[in-house]
Amino acid sequence: MVLELYNYGQLQYSCGNYGGSADMLFHFSILSTDPELTLSAMWGKLASEILLGNWEVAYEDMIKLRETIDKSHFKSQSELLQQRSWLLHWSLFVFFNHAKGRDGIVDTFMLPQYISTIQNSCPWILRYLTAAVVTNRRRRNMMQDLVKIIEQVSHSYRDPVTEFVEALYVDFDFDRAAAKLEQCEDVLKKDFFLTVAFDDFVENARFYFAEVYCRIHKRIDLAGLTRRLNMKQEEGEKWIVKLIRDTRMDAKVDFKDNSVIMNPTYNPVYQQVIERTKALVFRSHVLNGAIEKRGLSAAKKDESKQDQKPKQKQQQQLKPTKRQPDAAVSVAAQ
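Rules and cut-offs
Residues numbered from 1 in each chain as written. Predicted model: local features only at pLDDT ≥ 70, side-chain atom pairs only at ≥ 80, totals over all residues. Heavy atoms only, no water. Phe/Tyr/Trp six-rings, centres within 6.5 Å; stacked < 30°, edge-to-face > 60°. Helix = DSSP H or I, 4+ residues; strand = E, 2+ residues; numbered from the N terminus. Buried < 20%, exposed > 50% of the residue type's maximum accessible area, 1.4 Å probe, protein only. Lys NZ or Arg CZ within 6 Å of the ring centre and 35° of its normal. Core = buried A, V, L, I, M, F, W, Y, C linked by side-chain atoms within 4.5 Å. Contact = heavy atoms within 4.5 Å. 1 Å grid on protein atoms, 1.4 Å probe; cavity = no way out; pocket = protein on both sides within 12 Å on 5 of 7 lines; lining within 4 Å. Points joined across faces, edges and corners; volume = space filled by probe spheres on them. Nonpolar A, V, L, I, M, F, W, Y, C, P; charged D, E, K, R; others polar. Axes fitted to C-alpha atoms, helices over the stretch in contact; angles between N-to-C directions. Parallel < 35°, antiparallel > 145°, perpendicular 65-115°, else oblique. Left-handed = near helix turned anticlockwise from the far one by under 90°.

Draft legend 1. Structural view of the packing of aromatic side chains. Throughout the structure, instances matching the rule amount to 16 aromatic pairs. A ring pair is formed by Y128 and F193, whose centres lie 5.8 Å apart and whose planes are at 90°; its orientation type is edge-to-face. Highlighted residues: Y128 in helix 8 (residues 126-135) and F193 in the loop between helix 11 (174-190) and helix 12 (198-216), separated in sequence by 65 residues. Note on Y128: relative accessible area 11%, which makes it buried. Classification of F193 by relative accessible area gives buried; the value is 12%. With a centroid separation of 5.1 Å and an interplanar angle of 90°, the aromatic rings of F192 and F193 are classed as edge-to-face. Given a relative accessible area of 64%, F192 falls into the exposed group. Taken together, the aromatic side chains of F93, F96, Y128, F192 and F193 make up a single cluster linked through ring pairs. The ring of F207 has R137 lying over it, and the distance from NZ or CZ to the ring centre is 3.9 Å.

Here's what the structure looks like:
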């Protein structure tokens with residue numbers, strides 16, 4: 001009877017009744033003890049929720065499916081790679097329609113196992129990860145990790161979105177970055193998932209461009225920077241002045257020369273040392289915990305071995321021993 005739930009849910013999905021399919025497959029996944037069919041039912045339920053547009057439920061189902069895939073034991077590594085590749089592709093429907101999707105895509109795609117999947121199986125997914133990091137300023141701390149991944153995958157995949165980040169943060173080629181930003185606008189308008197994030201991407205990409213540009217240059221020509229940002233003269237100047245105010249940069253706007261004078265600030269040496277070593281305490285704590293666990297496990301093994309030795313001695317003492325004949329008896333026998 002439980003298997004009939006699976007078959008009936010599959011029939012409902014084929015007929016286009018996705019609500020009924022999701023209900024049947026949900027009950028089957030709870031009652032079933034077959035791991036392969038349970039995983040298949042979870043995929044079917046996720047597909048049904050995506051087609052219904054229930055993004056809250058679909059987001060929860062996708063998280064459960066990710067955890068199930070990570071915990072399951074597959075026959076081969078290629079099958080595991082395939083499951084993770086499918087999840088990366090299917091999750092795009094959820095992430096770009098859910099309110100928390102831009103945080104979710106960074107949290108999922110930045111996991112080590114999924115970075116490996118992107119590098120080995122589907123490097124084109126990097127476009128969406130890059131767009132999610134660029135459009136989400138709260139995750140700007142992930143930019144350095146993203147740049148490393150883009151550098152590693154650059155030999156096998158490139159597109160204007162990833163090349164923009166590479167030109168800006170790796171090569172510091174602002175002319176090339178400006179050209180790629182123009183291409184990004186065309187790409188985002190035609191991309192099924194990214195067309196919704198077009199305005200946010202362009203706005204934040206300009207912000208990152210101006211930020212890096214202002215850090216490197218001491219005197220900035222407003223007309224030149226506006227041209228590179230692909231903005232009109234008046235609009236670009238207002239946008240740059242507003243950016244300087246919002247970010248509280250140590251800069252002075254010279255309206256006579258139509259330029260911005262930057263006052264670079266350098267962190268003192270001790271502050272640089274603190275920033276570079278602030279993760280050492282956490283790493284040392286984790287390493288110390290791992291060493292203690294190994295020591296405890298080794299001590300337990302030694303104790304178990306020591307407990308086994310007296311038992312073995314007692315067993316040997318209890319075993320009946322063959323009595324050797326005395327020398328006189330053996331001589332008399334001879």
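Structure shown, so let's carry the discussion forward.
Draft legend 2. A look at the nonpolar core. Ranked by size, the top nonpolar core spans 78 residues in total, and within it I105, F109, F164 and F209 carry the most contacts. Take this core: its biggest share by element is 11 residues, from helix 12. Residues contacting F109, with those up to four places away along its chain left out, are L88, S91, L92, F95, Y114, I115, I118, I125 and L129.

Draft legend 3. Up close: the side chain of R84. Along the chain, the position of R84 falls in helix 5 (residues 77-95). Apart from the residues within four sequence positions on either side, R84 is in contact with I69, D70, Q113, Y114 and T117.

Draft legend 4. Here's a closer look at the environment of N17. Mapped onto the elements, N17 comes out in the loop between helix 1 (2-15) and helix 2 (18-31). N17 sits 35 residues away from L52 along the chain, and the two C-alpha atoms are 9.5 Å apart.

Draft legend 5. Examining the layout of surface pockets more closely. In this structure, the largest pocket occupies an estimated 560 Å³ of space. For the largest pocket, the lining is made up of 14 residues, of which R140, M143, Q144, Y169 and R215 are closest to its centre. At the level of secondary structure, the elements contributing two or more residues to the lining of the largest pocket comprise helix 9 (143-153) and helix 12. Counted by class, the lining of the largest pocket contains 7 nonpolar, 2 polar and 5 charged residues.

Draft legend 6. Up close: the packing of helix 5 against helix 6 (residues 101-109). Where helix 5 meets helix 6, the axes come as close as 9 Å, and the angle between the chain directions of the two elements is 160°. In this view, helix 5 runs roughly antiparallel relative to helix 6, as classed from their interaxial angle. Where helix 5 crosses over helix 6, the handedness of that crossing is right-handed. Where helix 5 abuts helix 6, its residues L88, S91, L92 and F95 lie against G101, R102, G104, I105, T108 and F109. Residue composition of the contact of helix 5 with helix 6, by class: 5 nonpolar, 4 polar and 1 charged.

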